[in-house]
Amino acid sequence: MTTTPTIHPIQTIRKLIVEVIDARDLLPKDGQGSSSPYVIADFDGQRKRTSTKFRDLNPLWNEKLEFVVTDPRTMDAEELEIEVFNDKKMGNGGGSSRKNHFLGRVKLYGTQFAKRGDEGLIYFPLEKKSVFSWIRGEIGLRIYYYDELVQEQIPEGATQETEAVTQVVESKRPQVTLVHEGDRFPPDIPLPSETAQETAQYPPTVIVEESPSPETVQPEHHQIPPDESFPMARPVTQTEPSHFPPEVRKMQTSVGSMERLSTERVRVLRRSNGDYAPRVITSRFTGESERLQSYDLVEPVHYLFIRIVKARDLSANGSPYVKIRYGSYSVKSKPAIHRPGEPSGNPEWHQVFRIGYNRLDAANSTLEISVWGGTSEVFLGGVCFDLSDVPVRDSPDSPLAPQWYRLEGGGNDQNSCKVSGDIQLSVWIGTQADDAFPESWSSDAPYVSHTHSKVYQSPKLWYLRVTVIEAQDLHLSSQSPPSPTTPEIRVKAQLGFQSIRTRRATSNHSSSFFWNEDLIFVAGEPLEDQMILLVEDRTSKEAVLLGHVVVPLGSIEQRLDERHMASKWFPLEGGAGGGPYCGRINLRLCMEGGYHVLDEAAHVSSDFRPTAKQLWKPAIGILELGILGARGLLPMKTKSGGKGATDAYCVAKYGKKWVRTRTITDNFDPRWNEQYTWQVYDPCTVLTIGVFDNWRMFSDVTEEKPDYRIGKLRIRVSTLESNKVYTSSYPLLVLLKSGLKKMGEIELAVRFACPSLLPDTCALYGQPLLPRMHYLRPLGVAQQEALRGAAIKMVAAWLARSEPPLGPEVVRYMLDADSHTWSMRKSKANWFRIMAVVGWAVGLARWVDDIRRWRNTITTVLVHLLYLVLVWYPELIVPTGSLYLFLIGVWYYRFRPKIPAGMDIRLSQADTVDPDDLDEEFDTMPSTKPPDIIRVRYDRLRTLAARIQTVLGDFATQGERLQALVSWRDPRATRLFIGVCLLVAVVLYTVPPKMVTVALGFYFLRHPMFREPMPPASLNFFRRLPSLSDRLI
């Protein structure tokens, strides 16, 4: 029997394109001052070669190499190796069999490949193959991938069979429907406590307008009458349910174990900050492990999950709903929906519930699920489950398939005649690692929309560089007063809330005006905004618009390196002259992808990767954070009856990824037990964790209630040992107007999974911290701080549009938006930090002074002997110093930190801060204080500035005295100085330098009985030198 082949598209093939454009400044290797380079690309076992360019150190190829990606799912882990060689056959040694000269290589990974349409030309510096290689130059590549549909011939019979199977699969696939949830019952609105009112007083913030978030349904709690009991649930099919074999469950705990965890004793380390210092807490997660296990940093908590899918053949009713009862807990689902064209007796819910599960209490408990009419409250049937038969699902098992169960009526039910149909559901026991956990309706968090755990992503931010070059044919206003000077023409650029104005233009006494000025903005994806540039004549008091131009951000070219971008002329429109042509302006626009857009302070940043994904390096490890819980939180609100309460949730931020735990309502000792992971690209980064009190779940669409801060801490990744679990308790500290306050403690488990001595990890410590463009075309400090403020606003506005929203007050607190504001406390802290840094020099000076004064005769004699050895054998100075530093490092290994450090109150000067300094720190800008208080603060600042002024004057005086040695401002002093210099030169030319060094050293270390108490002559001579202070007015 023959079959007819049929063309049928069944496969998608991904292709990787490597465009080798050119290379620059290659190393000559042919012995004649040049090279004949060619390129070999190796990807996934496929090797491609370009042509050879004869004797060219700056070759231009413009060749395209095509590769097939074997498995697109693992493309990110694949490596592309580009190697450049010198072809010896093109040189004098044409017949030589020796290997071609190596000119450099570039290693790239799949994470750096761009999709077609997003690619750009990138110049990669050529790397060495070994330590002894001599390589220079860079190569320009354009790398991208795309998916291509491939048609395959298959027999007709096989085609029919495949289509039949596809139809069966599609008929059984659950349909996904968008459900608009109804109104929820508003909870009792609590009142903020005194502590919460203090924490709500943030520094001045920027208000970001946002659209109100949609309302969500609150699960209603109902008690099913005791006379409604159902027989045990049985599937619709006649076959018995399969019995699960005994299995090893690695996350099984009971309530008793949880109670033991909550009553663990805490071992307190020796510390200087008392109750404000982090503590080590005992845990079963200790030691080092090279093997990564999922969700092993937190204590597993078991839940009973119920997935309600749909029903069929129910009695006709409006919008039925489902009631779930387990023990004393009862919950009501949202009203059902009906698909168009489906019978009214086939409603759908597609909803998951989770209930706290206790293995001991569940032994004699049952789970009852009933269906009720939406408006008539008519009982439509129910099922009952014995919890001893409910299966346990451990991640990463696949989701449990829902089954059809026959609805049964109660024994004493009067409406048993209306009971009919089946319900499709699944019930299982899982933990917080379950896939259904984030979206399930919880018994401990009824206000679903604002209490779920969520993962957020910061928007992709770009620096937009606008170079205003020149404007021509401007129609100047005739109303401007005549002026012999050039008119004051300026360009104002606007992008959203950002606005920058150029300086005054220069002119060559014609109709052309020149600026050549760079304006930099922050732009966020999707690039749907428009850049507006206004040309204004500000010669008179009133600015006159000479024209404007609107540029969509999507039309601006992206640049990933420092290559030159061509400028364009844009016609101006809408000038005061009213004509169709108002002149033109020359602009150079580009989206800078080679910079990292800072939204955090540089010293506490969690990411330094550039915007362009093609420039990212591969990750070096995984950062795992287990948020265990909190202890002893203070009440943040007052509910009905005057009872204090706290509804706490935790937020963690690292890189572009934000995570938010679920909200534990009305609990001063919440236990989250949630675990999250991040990829680490640079170990010298900081993880930020904050705890907040949830107020948005009590707000409606007409008002906005900000969440109150409870505390924050930072953990630097580089301080973590590789593959070691740190389980610690950290104090939650908040600085209020009344002073420092401890709001509670948070318990965390942290692990940095990374090979200890991976060469790439060690090499990172010798590479620049920021991307390459920050050093080729650096940004000013003030400019970078202004751009950071714009980036924070954009991130806050982006996250506020999520569901549930992450409020602007949370984002600003996590990103330290007010870190640049003036604070007397921070100034004192920085001063004492400087004193601590130079403390080692002060200690060394005191030790030398003790040696000179012969406080310890034995030590002084030993120093004399060591000095003689080092002078007589100077080649031992560097090795001895290196060995001494090595021994110091080994000695201090005993005192290394046992846990990652948290917030230090003494370093922050928070324990001794003056109340007036705190009041000034929390003041707004501009100040809202009375004039008398502002005058006192201004006088205090003047006093502080006077001291700084004196110190700066002393530094300048010492420098001017050094200059006066040879400047002849004091002729006698200069004659003495140059005479002494001549004498020293003659002595050193005639006397061996070792003898002079020994004599000077012994003279410096002479016994006090041979030393006078007065200052030496050299110091007296220096202090008598003139400075320029006598010329100051």
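Residues numbered from 1 in each chain as written. Predicted model: local features only at pLDDT ≥ 70, side-chain atom pairs only at ≥ 80, totals over all residues. Heavy atoms only, no water.

Caption draft 1: Region of the structure containing the overall build of the protein. Within the protein, the regular secondary structure consists of 16 helices and 42 strands. In the protein, buried positions account for 44% of the 1033 residues. Carbon and sulfur atoms make up 56% of the accessible area of the protein, which amounts to about 55500 Å² in all. (Helix = DSSP H or I, 4+ residues; strand = E, 2+ residues; numbered from the N terminus. Buried < 20%, exposed > 50% of the residue type's maximum accessible area, 1.4 Å probe, protein only. Areas by Shrake-Rupley, 256 points an atom, 1.4 Å probe, with all protein chains shown as cover.)

Caption draft 2: The packing of helix H10 (residues 857–872) against helix H15 (residues 993–1004), seen in detail. Relative to each other, H10 and H15 sit at 160°, their axes nearing to 10 Å. Between H10 and H15, the angle falls in the class roughly antiparallel. Where H10 crosses over H15, the two elements pack in a sense that is right-handed. Of H15, the residues touching H10 (which contributes His 864, Tyr 867, Leu 868, Val 871 and Trp 872) are Lys 994, Met 995, Thr 997, Val 998, Gly 1001 and Phe 1002. Partitioning the contact of H10 with H15 into residue classes produces seven nonpolar, three polar and one charged. (Axes fitted to C-alpha atoms, helices over the stretch in contact; angles between N-to-C directions. Parallel < 35°, antiparallel > 145°, perpendicular 65-115°, else oblique. Left-handed = near helix turned anticlockwise from the far one by under 90°. Contact = heavy atoms within 4.5 Å. Nonpolar A, V, L, I, M, F, W, Y, C, P; charged D, E, K, R; others polar.)

Caption draft 3: Examining helix H8 (residues 824–837) more closely. Taking 1.5 Å of rise per residue, 14 residues should cover 20 Å, and H8 covers 20 Å from first to last C-alpha, within 8% of that figure. For H8, the full list of buried residues reads Met 824, Arg 825 and Ala 829. Buried residues of H8, viewed axially, fall in a sector of 140°; they line one side. In this structure, the buried side of H8 is in contact with strand E41 (725–736), helix H12 (915–921) and helix H13 (931–963). You can read the cap of H8 off the contacts: a side-chain oxygen lies 3.3 Å from the backbone nitrogen of Arg 825, and it is on Ser 823. (Expected span 1.5 Å × (residues − 1). Arc of directions from axis to C-beta. Polar contact = N/O pair within 3.5 Å; in protein donor to acceptor, adjacent residues only side chain to side chain.)

Caption draft 4: Seen up close, the UniProt feature "transmembrane region" (unreviewed entry) in the protein. UniProt annotation of "transmembrane region" (unreviewed entry) refers to residues 868–893 and 976–1005 when read in the numbering used here. For residues 868–893, the helix share is 81%, the strand share is 0%, and the end-to-end C-alpha distance is 32 Å. (UniProt positions renumbered as here; feature names shortened; annotations may be inferred.)

Caption draft 5: Structural context of the pairing of strand E37 (residues 657–660). Burial along E37 is two-sided: the face carrying Lys 657 and Val 659 and the face carrying Trp 658 and Arg 660 are both buried. In the sheet, strand E22 (residues 454–457) pairs with E37 via four bridges, with the strands oriented antiparallel. Bridge pairing links Lys 454 to Arg 660 in E37. Sheet topology note: the strand E36 (residues 648–654)/E37 ladder contains four bridges and is antiparallel. Of the residues in E37, the one forming a bridge with Tyr 654 is Lys 657. As consecutive antiparallel partners, E36 and E37 are separated by two residues, and within that stretch Gly 655 has a phi angle of approximately 65°, a positive value. (Pairing = 2+ DSSP bridges.)

Caption draft 6: Fine view of the environment of Asn 586. With respect to the element layout, Asn 586 can be found in strand E32 (residues 584–592). Along the sequence, Asn 586 and Glu 470 sit 116 residues apart, while their C-alpha atoms lie 5.1 Å from each other. In this structure, Asn 586 is in contact with Thr 467, Val 468, Ile 469, Glu 470, Ser 567, Lys 568 and Trp 569, ignoring residues within four places of it in sequence.

Caption draft 7: Looking closely at the sheet that holds strand E15 (residues 329–332). Taken in spatial order, the four strands make up an open sheet running E15-E14-E17-E18, and their pairing is antiparallel. The open sheet has two edge strands, E15 and strand E18 (379–386), and neither has a second partner. Neighbouring strand axes in the sheet, compared pairwise and without regard to direction, differ in orientation by 15° on average. For strand E14 (residues 321–326) and E15, the ladder comprises four bridges, and the chain directions are antiparallel. Paired with Lys 323 across the bridge in E15 is Lys 332.

Caption draft 8: Broad picture of the sheet that holds strand E25 (residues 498–501). Pairing in this open sheet of four strands is antiparallel, and the strands run E25-E24-E28-E29 from one edge to the other. At either margin of the open sheet sits one strand with a lone partner, and together these are E25 and strand E29 (544–552). Taken pair by pair, the neighbouring strands of this sheet meet at an average axis angle of 15°, ignoring direction.

Caption draft 9: Representation of the pattern of salt bridges in the model. Evaluated as defined, the whole model comprises 58 salt bridges. A salt bridge links Glu 592 to Arg 559, with the shortest nitrogen-to-oxygen separation between them at 2.3 Å. Of this pair, Glu 592 sits in strand E32 while Arg 559 sits in strand E30 (residues 558–559), placing them 33 residues apart in sequence. A cluster of three or more residues bridged by salt bridges with shared partners is formed by Lys 828, Asp 916, Asp 917, Asp 919, Glu 920, Asp 923, Lys 929, Arg 937 and Arg 940. (Salt bridge = Lys/Arg side-chain N within 4 Å of Asp/Glu carboxyl O.)

Caption draft 10: Representation of the nonpolar core. The biggest cluster of nonpolar side chains holds 39 residues, and the ones touching the most others in it are Leu 623, Leu 625, Trp 678, Ile 689, Ile 746 and Leu 748. Elements with a contribution of two residues or more to this core: strand E33 (621–631), E36, strand E38 (671–680), strand E39 (686–693), strand E40 (708–716), E41 and strand E42 (739–753). Every residue in contact with Leu 748, bar those within four places of it in the chain, is listed here: Leu 625, Gly 626, Ile 627, Leu 628, Ile 689, Leu 713, Ile 715, Tyr 726, Thr 727, Ser 728 and Tyr 730. Among the nonpolar cores identified, the runner-up in size contains 34 residues, and Tyr 38, Val 69, Val 84 and Phe 124 belong to it. (Core = buried A, V, L, I, M, F, W, Y, C linked by side-chain atoms within 4.5 Å.)

Caption draft 11: A look at unusual backbone geometry. Put simply, Glu 525 and Pro 526 share a cis peptide bond, and its omega is 0°. Take Pro 526: it is sitting in the loop between strand E27 (513–524) and strand E28 (530–537). Going from Met 925 to Pro 926, the amide bond is cis rather than trans, its omega being 0°. Assignment of secondary structure puts Pro 926 in the loop between H12 and H13. Unusually for a residue other than glycine, Asp 313 sits at a positive phi of about 60°. If you trace the backbone, Asp 313 turns up in the loop between strand E13 (303–312) and E14. The phi dihedral of Asn 516 is positive, around 50°, even though this residue is not glycine. Its place among the elements puts Asn 516 in strand E27.

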